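This is what each chain is made of:
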Amino acid sequence: MAAGRTYPYPERQTLEEARSWWMEPPPGKTVVAADDAGTIVGSAKMGPNRPGRGAHVATASFIVDPAHQGKGAGRALGEHVLGWCRAEGFHGT
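Keep in mind that what you see is a predicted model, and the values were worked out from it rather than measured.

**Looking at unusual backbone geometry**
Residues other than glycine predominantly adopt negative phi, and peptide bonds predominantly adopt the trans conformation.
Next up, step 1: A cis geometry characterises the amide bond from Pro26 onward to Pro27, with omega recorded as 15 degrees.
Next up, step 2: Secondary-structure assignment places Pro27 in the loop between helix H1 (15-22) and strand E1 (29-34).
Next up, step 3: We note that Arg12 has phi near 60 degrees; this positive angle belongs to a residue other than glycine.
Next up, step 4: Along the chain, the position of Arg12 falls in the segment before H1.

Spelled out as structure tokens, the structure:
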């Protein structure tokens, strides 16, 4: 994100400023992926795409630390999100 190639967050945004943009409020959810040492290596946020007529469709955003890409964190986050969406009853028609 710092390089500006993914999410267009403002430059020099503080962690506290970014937190409110990334942490998904209920009914959504934000999760992290950690390696075997407990280091956070990625995160995902998920929830309804839009209120009202779009609330049955889910949306999600993902981020993985570049130093940990290609090690399965993104796949694990994606699988978790899909499972959560199914369990919460999201569907597209």
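**A word on the pattern of salt bridges**
A pair can form between side chains of opposite charge whenever their charged atoms are brought close.
Next up, step 1: Applying the stated criterion across every chain yields a total of four salt bridges.
Next up, step 2: With a shortest N-O distance of 3.8 Å, Lys45 and Glu24 are connected by a salt bridge. Linking Lys45 in strand E2 (residues 40-48) with Glu24 in the loop between H1 and E1, this pair joins segments that are 21 residues apart in sequence.
Next up, step 3: Residue classification places Lys45 among the buried residues on the basis of a relative accessible area of 15%.
Next up, step 4: A salt bridge links Glu79 to Arg75; its shortest N-O distance comes to 4.0 Å. With Glu79 and Arg75 both in helix H2 (residues 73-87) and four residues apart, this pair spans about one turn of that helix.

**A look at the packing of aromatic side chains**
Next up, step 1: Applying the stated rule across the entire model yields four aromatic pairs.
Next up, step 2: Judged by centre distance (5.0 Å) and plane angle (75 degrees), the ring pair of Tyr9 and Trp21 falls under edge-to-face. Remark: Trp21 occurs in helix H1 and Tyr9 occurs in the segment before H1; sequence separation between them is twelve residues.
Next up, step 3: With relative accessibility at 18%, the residue Tyr9 sits in the buried group.
Next up, step 4: A network of ring pairs unites the aromatic residues Tyr7, Tyr9, Trp21 and Trp22 as a single cluster.

So, how was this worked out
- Residues numbered from 1 in each chain as written.
- Predicted model: local features only at pLDDT ≥ 70, side-chain atom pairs only at ≥ 80, totals over all residues.
- Heavy atoms only, no water.
- Helix = DSSP H or I, 4+ residues; strand = E, 2+ residues; numbered from the N terminus.
- Salt bridge = Lys/Arg side-chain N within 4 Å of Asp/Glu carboxyl O.
- Buried < 20%, exposed > 50% of the residue type's maximum accessible area, 1.4 Å probe, protein only.
- Phe/Tyr/Trp six-rings, centres within 6.5 Å; stacked < 30°, edge-to-face > 60°.

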